[in-house]
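# Breakdown of the fold
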Amino acid sequence: MGKYVWPCPSYSYVSSPFGPRNISIPGASRYHKGVDLAAADGVPIIAAGNGTVSISDYEKQGYGNWIELDHGGGITTRYAHASKRLVSAGAKVSAGQTIALVGTTGTSSGCHLHFEIRVNGKARDPLNFVKDSDTVSNYTGKAGAGAKNVVKAMFTAYYPANNAMEGGFLDALGNPLDTSKRTCAAPASVPFGTKITVQGTGSEQDGVTYTVNDRGGAINIQNGVYHFDLLMSTNEECNRWGVKYGTAIIDGDGEGIDAGQSPKEITRVVVKSITGAAGTRKEILRKTEPHLSAGVELLLQNSRMELQNPMVEGDIVWETTRTGSPASLKFTVVKDDILSFHEGNPVSFRFNGEPVFYGYVFKKERSDSRLIQVTCYDQLRYFKNKDSISYADWTYSELLRVLAKDYGLTCGTIADTKYKIPQRIEETTLFDICGNAADETLVNTGKIYVLYDDFGKLTLKPYESMLLPIWIDENTAQEYSYASSIDNEVYDRVKLAYDNGETGEREIYVTNDTASQGRWGVLQYYAKLDSALSSADMQTKAKVLLDYYNVKQRELSIKKVFGDVRARAGASVAVGMGLGDINISNYMCIEKARHTFSFGLHTMDLTLSGIRGEFHA
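Let us look at the structure shown here. Throughout this description, residue numbers start from 1 for each chain and increase along the sequence as written. A pLDDT threshold of at least 70 governs which residues receive local features in this predicted model, and a stricter bar of 80 or more applies before side-chain atom pairs are shown or counted, although totals over entire chains, interfaces and linings include all residues. Values shown for side chains rest on all heavy atoms present in the structure; no hydrogens or waters enter the calculation.

Geometry of aromatic contacts follows a simple scheme: Phe, Tyr and Trp rings, the Trp one being its six-membered ring, pair when their centres are within 6.5 Å, and the pair is stacked under 30 degrees between planes, edge-to-face over 60, tilted otherwise. Summed over the entire model, instances satisfying the criterion amount to 17 aromatic pairs. Taken together, a centroid distance of 4.9 Å and an interplanar angle of 75 degrees make the contact between Phe-349 and Phe-597 edge-to-face. Placement of the pair is Phe-349 in strand 25 (residues 346-351) and Phe-597 in strand 40 (residues 583-598), with a sequence separation of 248 residues. For the pair formed by Phe-349 and Phe-597, the shared burial category is buried. Through successive ring pairs, a cluster of aromatic residues spans Tyr-358, Tyr-360, Phe-362, Tyr-377, Tyr-382 and Phe-455. Seen from the ring of Phe-192, Arg-215 lies directly overhead, with NZ or CZ sitting 4.1 Å from the centre. The side chain of Arg-519 reaches across the aromatic face of Trp-520, ending 5.3 Å from its centre. Going along the chain from the N terminus, every DSSP run of H or I of four or more residues is numbered as a helix, and every run of E of two or more is numbered as a strand. Three labels apply to residues, based on accessible area from a 1.4 Å probe with only protein chains included: buried if under 20% of the type maximum, exposed if over 50%, partly exposed otherwise in between. Whether a charge sits over a ring depends on NZ of Lys or CZ of Arg being within 6 Å of the ring centre and within 35 degrees of the ring normal.

The criterion for strand pairing is that DSSP finds at least two bridges linking the strands in question. With antiparallel pairing, the three strands of this open sheet are ordered in space as 5-11-9. Each having just a single partner strand, strand 5 (44-46) and strand 9 (84-85) make up the two edges of the open sheet. Where strand 9 meets strand 11 (residues 98-101), two bridges bridge the pair, whose relative direction is antiparallel. Bridge pairing in strand 11 links Arg-85 to Ala-100.

Attention now goes to the pairing of strand 41 (residues 601-609). Sheet faces and side chains relate simply in a regular strand, where the side chains alternate between the two faces. Taken together, the six bridges between strand 38 (residues 553-562) and strand 41 define a ladder with antiparallel strand orientation. Paired with Glu-555 across the two strands is Ser-609, which belongs to strand 41. Inspection of the sheet shows strand 40 paired to strand 41 by nine bridges, in the antiparallel sense. Opposite Cys-589, over in strand 41, you have Ser-609 as the bridge partner. Counting the residues that bridge the hairpin from strand 40 to strand 41 gives two residues, and of these Phe-599 lies at a positive phi of roughly 55 degrees.

Now for the pattern of salt bridges. Whenever Lys or Arg places a side-chain nitrogen within 4 Å of a carboxyl oxygen from Asp or Glu, that contact is recorded as a salt bridge. Going through the model one piece at a time under the given rule, you end up with 20 salt bridges. Across the salt bridge formed by Glu-116 and Arg-118, the nearest N and O atoms sit 2.8 Å from each other. Each member of the pair, Glu-116 as well as Arg-118, carries the same accessibility label: buried. Salt bridges sharing common partners tie together Arg-281, Glu-283 and Arg-286.

Let us look at the side chain of Glu-59. Mapped onto the elements, Glu-59 comes out in strand 6 (residues 51-59). In this charge count, Lys and Arg are treated as positive and Asp and Glu as negative; neither His nor the chain ends contribute. No salt bridge is formed by the buried Glu-59. Its closest oppositely charged neighbour is Arg-506, at 4.6 Å. The term polar contact refers here to a pair of N or O atoms within 3.5 Å; inside protein, the definition further demands a hydrogen-donor-capable atom paired with an acceptor-capable atom, and it admits residues adjacent in sequence only when both atoms are side-chain atoms. At 3.3 Å, the side chain of Glu-59 and the backbone nitrogen of Tyr-63 are in polar contact. In contact with Glu-59, not counting residues within four places along its chain, are Gly-64, Trp-66, Gly-106 and Tyr-526. It only takes one pair of heavy atoms within 4.5 Å for two residues to be counted as in contact.

Right, here's the structure in full:
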């Protein structure tokens with residue numbers, strides 16, 4: 001390649017790649033914006049190119065000791081978790097110059113270099129730009145050259161209420177507005193006649209160039225985001241467009257960043273080819289009515305479309321988890337001359353006539369010829385599938401319906417989550433795609449929604465609608481354990497940061513809870529935002545995060561409680577217990593539920609929480 005230098009010579013192993021990841025390190029992001037290079041403590045970290053040190057700083061959480069280099073043309077590189085920084089902000093450095101030493105500071109589980117490349121503030125996969133064979137000897141010194149002037153942008157469509165042009169609708173130059181021409185209003189710092197090319201909105205306007213001919217009171221630059229009003233050709237087009245975020249090429253020609261500079265930013269996913277029709281499983285079991293009003297009713301549908309009622313030996317165990325896992329049903333059946341079923345066959349389970357579980361056989365095990373151990377999962381098992389999807393202005397509810405349709409899953413009650421999520425592109429599991437949508441909805445509305453499978457139908461309900469009339473106290477909870485903590489994911493200060501490319505300042509927004517800080521000290525949540533928000537929106541987001549995280553974590557586990565099939569993960573039960581530091585008389589959310597059906601006796605083990613938002617203990 002030659003445009004960059006590998007930042008950690010002799011160490012080429014990438015221990016964590018760019019993109020979505022499953023992690024267990026508190027405070028670490030689920031989306032990895034760089035690559036991790038495993039290296040020994042104290043190994044030199046070198047500059048990937050000529051540039052200026054824009055940041056040399058320390059973060060207790062996050063990057064630890066870290067450095068950012070500005071290479072010009074909108075290209076920056078970041079080097080994090082160093083044991084020592086060797087350059088200061090403002091210093092000029094050369095490609096291959098040692099700027100820091102490998103360490104494990106900040107949010108880190110071991111010695112490594114976290115390395116990022118950003119183009120106009122957007123994180124890109126470094127392995128698309130540099131490889132371990134790129135050394136100082138073959139460095140071309142052209143990194144960052146030739147990039148166009150690209151800025152972050154908010155585009156708002158407008159169209160005059162009565163575009164008859166009878167003297168009232170003039171641009172800032174005094175000319176009548178002409179909706180047949182692509183013109184726009186821009187901030188005062190952008191001269192009239194400047195060409196503005198839209199990109200990154202994921203819409204049909206991407207690549208369209210407008211000419212600046214107007215101004216406006218709200219047309220400004222806020223938090224580094226340029227505001228543009230685009231004149232649309234019709235009122236319908238204006239209403240369809242609304243407001244979108246992306247980037248603008250100033251004086252651009254619609255080509256975006258030079259092809260030789262970096263890959264074009266991916267803003268949407270387009271399906272180009274599908275081979276073969278999607279298959280549909282035939283399920284006569286779905287329409288089968290219960291035939292027992294008392295006790296266990298377990299039915300299997302085999303591949304010959306026959307319903308079977310197998311003989312069960314031992315316990316039937318049904319387990320649910322609030323997030324990130326499907327419900328499971330495990331049991332052991334006796335093999336006889338009639339019983340015949342296979343992986344993928346539908347299974348239903350009812351208790352005392354009440355529907356409990358509907359799913360599919362995923363695993364069969366046997367230790368002898370007589371008994372078969374069976375593991376089944378509900379529809380959420382298919383949310384472990386990985387996929388790539390782009391969307392904009394969808395609610396969590398709309399996203400869920402699209403995913404369900406794509407995978408042939410059945411939907412039941414889907415609550416309207418209302419909040420329209422801005423443009424996103426995802427490449428991860430369906431669980432993570434929905435989890436990210438749930439997080440976005442929570443942060444912007446304060447509302448928590450529970451996703452689960454209700455006897456073969458995907459269901460999404462608000463947390464507060466799942467309160468059960470089930471009372472648990474010291475008498476009903478024969479065995480229990482209780483823990484409270486402020487050690488993990490509890491914060492009483494929220495600090496949000498944004499790098500304003502217009503002013504060259506890092507803008508910080510801080511929200512404190514002085515009462516909690518008086519009890520616990522300062523526990524800080526820090527996040528650096530990639531996209532700008534207005535000052536009011538920043539403050540609103542910080543307040544929502546503080547409300548969510550500024551709560552002591554409590555977890556109560558109870559065992560061998562008299563069973564109730566309504567008690568599934570995501571629902572809440574009323575708890576009245578004295579637990580030492582607190583006397584609880586309130587609802588607590590079920591994080592995990594394990595129900596055991598043993599020879600007609602139904603008991604359950606519950607893990608309860610009172611830890612977030614509406615989950616007050």
